[in-house]
Amino acid sequence: MSGGASPTAPGLLNWILVISLGVIWGTAFMSTSLALDGIGPWWVAAGRLGLAAVILLILGSLMGQGITHVRPARAWVFTGLVGTITLAGPIVLLSWSLTQVPSAFAGVAMGAVPLIVLPLVAIFSPEEGIGPRRIIGVLLGFGGLVLLVGQGALDGGTFWGRLGCIGAAAGYAIGSILTRRAPKVPPVAFATATLVMGSLVLIPVAWILEGPPRIESASAAWALAYAALFPTGLAAILRVRVITTAGSMFMSMTSYMVPVWAVIFGATLMQEDLPSQLYVALLLILAGIGISQSRAIATAIAQQLRPKTKTQ
């Protein structure tokens, strides 16, 4: 399945997938904000996970990667941890925090993911390597994120809302390491199991805190359906595939791309004004990616240019 991909040589497919994830997750803030206009934050989070779990249960069965492929028993421990730490926790924190803080601050917080991943990789996944290039690249990319959203990102909102965004970023970072260390399981089956486990936690809590689900507008319902299908369901499959074949540090590059796409979609679909510093920030972000992944980029290009040999 991996085609020989590794943290040092992720391969063309993983590059395509990680860019696609950046685009898909770039719409998550917009769709979540629209859903919050007519649905409570706990049910937005629970609905995202629950609907995505149902979709993947059906899709996985059709693809021959049903939830029964999650084995041995140790794999269920990891799906439980990932489902709660990587999915349920961050999604509910972001849903609630977006009612308390500007979306720009949430973008900065997601840029903290690679900074949190870096020391975790050094401890729990040292084979991925965190040499000087990656450290410089991560810091440069994060500088681009700060420039992208500007000082206004740190203004307004509540202390607990800000803390919730940082907590969500930490959850995503920890989840990346857990996914990397989990037993090998087909990606659709693993993603489905994590969504199911997260749903089993969130749905009862949402019912207790907000009562039966209430949807006050059709637009909120459609926004929730989109958030469940793409930034949650489809993205969960792609994320597992990238992490298990190319590593947590490679996956963390999406944290540079997501804010850029979030701003682009906000300007085109939500009619927001693009910040004047967008283009300089974009150059810094791309430079950070280029520096941190320079060896992987060179290896990927060399692999594509290498003549293909036929096997007898």
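Numbering of residues starts from 1 in each chain and follows the order in which that chain's sequence is written. Totals for whole chains, interfaces and linings use every residue, but because this is a predicted model, local features are given only for residues with pLDDT of at least 70 and side-chain atom pairs only at 80 or more, for both listing and counting. Values shown for side chains rest on all heavy atoms present in the structure; no hydrogens or waters enter the calculation.

Draft legend 1. Expanded view of the overall build of the protein chain. A count of helical and extended segments in the protein chain gives 14 helices and 0 strands. Secondary structure is summarised from DSSP: a helix means a run of H or I of at least four residues, a strand means a run of E of at least two, and numbering begins at the N terminus for each. Reading the protein chain from its N terminus to its C terminus gives the helix and strand order α-α-α-α-α-α-α-α-α-α-α-α-α-α. Between buried and exposed lies partly exposed: a residue is buried under 20% and exposed over 50% of the maximum accessible area for its type, with that area taken using a 1.4 Å probe on protein chains only. Among the 312 residues that make up the protein chain, the fraction classed as buried is 52%. Working rule for contacts: check all heavy atoms of both residues, and any pair within 4.5 Å makes them a contact. Intrachain contacts of the protein chain at a sequence separation of at least 6 include 91% that bridge at least 24 residues. The method behind every accessible area is Shrake-Rupley, applied with a 1.4 Å probe, and residues are considered shielded solely by the protein chains displayed. For the protein chain, the accessible area works out to roughly 14000 Å², and carbon and sulfur atoms hold 71% of it.

Draft legend 2. Focus on the packing of helix α1 (residues 11-26) against helix α12 (residues 254-269). Direction vectors running N to C along α1 and α12 enclose 45°, while the axes themselves pass 7 Å from each other. The orientation of α1 with respect to α12, classified from their angle, is oblique. When the axes of α1 and α12 are compared, the crossing they make is right-handed. Only T254, M257, V258, W261, A262 and F265 of α12 make contact with α1, whose side of the interface consists of V18, I19, L21, G22, V23, W25 and G26. The axes used here are C-alpha line fits, helices contributing only the stretch in contact, and every angle between their N-to-C directions lies in the interval 0 to 180 degrees. Oblique is the label for any angle not covered by the other classes, which are roughly parallel (under 35 degrees), roughly antiparallel (over 145) and roughly perpendicular (65 to 115). Take the far helix as the reference: if the near one is turned anticlockwise from it by less than a right angle, the crossing is left-handed, and if turned clockwise, right-handed.

Draft legend 3. Focus on a nonpolar patch on the surface. Patches were defined on residues exceeding 30% relative accessible area and lacking a salt bridge, with like-charge contacts within 9 Å and nonpolar side-chain contacts (Val, Leu, Ile, Met, Phe, Trp, Tyr) within 5 Å. Salt bridges are counted wherever a side-chain nitrogen of Lys or Arg sits within 4 Å of a carboxyl oxygen of Asp or Glu. Together, V54, L57, I58, L59, L62 and M63 make up an exposed nonpolar region whose accessible area comes to about 570 Å². For I58, the position within the fold is in helix α3 (residues 41-63).

Draft legend 4. Here's a closer look at unusual backbone geometry. Of note, the amide linkage connecting R71 to P72 takes the cis form, showing an omega dihedral of 10°. Note that P72 resides in the loop between α3 and α4 (73-97).

Draft legend 5. Inspection of the environment of L21 at higher detail. With respect to the secondary-structure elements, L21 resides in helix α1. For L21, a relative accessible area of 0% corresponds to the buried category. Beyond its immediate chain neighbours, meaning those up to four positions away, L21 contacts G26, A235, L238, R239, V242, M251 and T254.

Draft legend 6. Examining the packing of aromatic side chains more closely. In summary, the pairing rule links any two rings of Phe, Tyr or Trp, Trp by its six-membered ring, whose centres are within 6.5 Å, and it sorts them by plane angle into stacked for under 30 degrees, edge-to-face for over 60 and tilted for everything else. As enumerated under the stated definition, the model contains 3 aromatic pairs in all. Each ring, one from W43 and one from W207, has its centre 6.1 Å from the other, and the planes form 75°; the classification is edge-to-face. You can see W43 sitting in helix α3 and its partner W207 sitting in helix α9 (residues 187-210), a full 164 residues away along the chain. A relative accessible area of 11% places W43 in the buried class. The exposure class assigned to W207 is partly exposed, which follows from its relative accessible area of 47%.

Draft legend 7. Spotlight on helix α2 (residues 28-36). Counted residue by residue, α2 has 7 buried out of 9 residues, so it is predominantly covered. Taken together, the buried positions of α2 are occupied by A28, F29, M30, S31, T32, A35 and L36.

Draft legend 8. View of the environment of T99. If you trace the backbone, T99 turns up in the loop between α4 and α5 (103-111). For the pair formed by T99 and G161, sequence separation is 62 residues and the distance between their alpha carbons is 7.9 Å. We define a polar contact as two N or O atoms separated by no more than 3.5 Å, with the added condition that, inside protein, one atom must be a possible hydrogen donor and the other a possible acceptor, whereas residues neighbouring each other in sequence contribute only through side-chain atom pairs. At 3.4 Å, the side chain of T99 and the side chain of Q100 are in polar contact.

Draft legend 9. Broad picture of the side chain of T254. Assignment of secondary structure puts T254 in helix α12. Under the relative-accessibility criterion, T254 is labelled buried at 5%. Excluding anything up to four places from it in sequence, T254 contacts V18, L21, G22 and W25.

Draft legend 10. Structural view of the packing of α4 against helix α8 (residues 159-181). For the pair α4 and α8, interaxial distance at closest approach is 8 Å and the crossing angle is 160°. Taken as axis vectors, α4 and α8 run roughly antiparallel relative to one another. Remark: the crossing between α4 and α8 carries left-handed chirality. Only Asp, Glu, Lys and Arg are considered charged in this grouping, and only Ala, Val, Leu, Ile, Met, Phe, Trp, Tyr, Cys and Pro are considered nonpolar; every other residue, Gly among them, is considered polar. The residue inventory of the contact of α4 with α8, partitioned by class, reads 15 nonpolar, 8 polar and 2 charged.

Draft legend 11. Spotlight on helix α10 (residues 218-246). The first and last C-alpha atoms of α10 sit 40 Å apart over 29 residues, in line with the 42 Å expected at 1.5 Å per residue. Bend at a residue means the angle formed by two fitted axes: the first through the 7 residues ending at that position, the second through the 7 residues beginning there. The largest bend in α10 comes to about 40°, at A235. One or two residues past the end of α10 sits G247, with phi positive at roughly 100°. Expected helix span is taken as 1.5 Å per residue step, with the number of steps being one fewer than the number of residues.

Draft legend 12. Region of interest: the side chain of S95. Position of S95 among the secondary structure elements: in helix α4. Overall, S95 belongs to the buried group, its relative accessible area being 1%. One polar contact links the side chain of S95 to the main-chain carbonyl oxygen of I91, over a distance of 2.9 Å. Sequence-distant contacts of S95, that is, excluding residues within four places in its chain, are made with T32, L36, P41, V44 and A45.

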